[in-house]
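# Coordinates in review
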Amino acid sequence: MKRTLLKLFTLSALAVSGLFSTQANAAEPLSVVASFSILGDLVLVVGGDRVKVTTLAGPDADAHEFTPSPAHAKAVLGAKLFVVNGLSFEPWAQKLARSAGYKGETVVASKGVQPRQMAAEAGHAHAETDPHAWQNPLSVVQYVRNIAAGLAKVDPGGAAIYQTNAEAYAKQLKDFDAQAKAQFDAIAPAKRKVITSHDAFGYLAARYGITMLAPEGVSTDSEPSAKHVAQLIRQIKREKIKAVFVEAMSNPKLISQLSKDAGLNGGVTLYSDALSEASGPAPTYMKMMRHNLTQLVAGMQQN
Ligand SMILES: [Zn+2]
């Protein structure tokens, strides 16, 4: 009789302690801050329900020129991991971490990616590093591996899960790349030409043999001159460009002007530096890439 009681008691104590540890896990996911929306999505892909992600520059926000709020500083200070793109994309993010007194781990998601130089612009003596490496899906394989390694460092218990998630996603990225390559390869190189309002697709262009013509340089705040626009219109006619694309956050007025003056079909939105809101066409990185692929291929195939 005594033994049975003892056994029961032990079992229930175990059950209680098991319950507590489950609750502790569920109640305290790892707090991660990502500098902008695309990284926020990637962290969630790799971390799953073990992480709680706070994104600083959110959907449709310009992460080049972002002004963090005191609430953002507080989020960074409370984080176990801070994930940034690097390649000088978001200098405000590292500044924010410093001023907030953040002492935790930082992942530079683009680490190990072969950086591409942007063409030197008028007035610039030297070429600059292009920060938009995520526009090549094969680079994002490296991104998610870096994120998995960073998460494992602060949460070793989840290392196997993070690695599994990253590798499953890497396979999706490679499948998407093969599909995109086949679709662009089916279009004559002379038709693989695109005008965009912000020079953010260099990595995509390099990967799939697309010529990108931009009225602006890499910075989203510069206004092109009338002379530059006239020059571009001559170029559009000479190159027989059929479609122009407006980026979600950039200068739609300029592009509609170009469409009007050069008689183009235009005004379709591509997403480059930010995801859309959940109700939009690009609420995740994969959806963004599929959306852009569909729009680009359709635009190039116009007669
Ligand atoms: Zn950009």
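For the structure itself, consult the block above.
This report concerns the structure included in the present document.

Calculation criteria
Residues numbered from 1 in each chain as written. Predicted model: local features only at pLDDT ≥ 70, side-chain atom pairs only at ≥ 80, totals over all residues. Heavy atoms only, no water. Phe/Tyr/Trp six-rings, centres within 6.5 Å; stacked < 30°, edge-to-face > 60°. Helix = DSSP H or I, 4+ residues; strand = E, 2+ residues; numbered from the N terminus. Buried < 20%, exposed > 50% of the residue type's maximum accessible area, 1.4 Å probe, protein only. Expected span 1.5 Å × (residues − 1). Pairing = 2+ DSSP bridges. Right-handed = clockwise from strand over helix to strand, strands pointing away. Salt bridge = Lys/Arg side-chain N within 4 Å of Asp/Glu carboxyl O.

## Some thoughts on the packing of aromatic side chains
The tally for this structure, following the rule as stated, stands at six aromatic pairs. Their ring planes at 75° and their centres at 6.0 Å tell us that F82 and Y102 sit as a pair that is edge-to-face. Here F82 is found in strand β3 (residues 81-84), whereas its partner Y102 is found in the loop between α4 (91-100) and β4 (105-108), with 20 residues between them in sequence. Comparing F82 with Y102 shows no difference in burial state: the two are buried.

## Quick notes on helix α10 (residues 285-300)
Over its 16 residues, α10 extends 22 Å from the first C-alpha to the last, a length consistent with the 22 Å expected when each residue adds 1.5 Å. For α10, the full list of buried residues reads Y285, M286, M288, M289, H291, N292, L293, L296, V297, G299 and M300.

## Regarding the pairing of strand β1 (residues 30-36)
Where burial is concerned, most of β1 is hidden: six out of the seven residues are buried. Direction of pairing for β1 relative to strand β2 (residues 51-57): parallel, over a ladder of six bridges. Counted as the bridge partner of V33 is T54 from β2. The parallel pair β1 and β2 is bridged by helix α2 (residues 37-47), and the resulting crossover is right-handed. Pairing of β1 with β3, which is carried by three bridges, proceeds in the parallel orientation. Bridging from a neighbouring strand, V32 pairs with L81 of β3.

## Quick word on the pattern of salt bridges
Enumeration according to the criterion identifies seven salt bridges in this entry. In this structure, D177 engages R207 in a salt bridge whose closest nitrogen and oxygen atoms are separated by 2.8 Å. Residue D177 is located in helix α6 (residues 159-185), and its partner R207 is located in helix α7 (residues 202-208); the two are separated by 30 residues in the primary sequence. Of the residues examined, R207 reaches a relative accessible area of 26% and is grouped as partly exposed.

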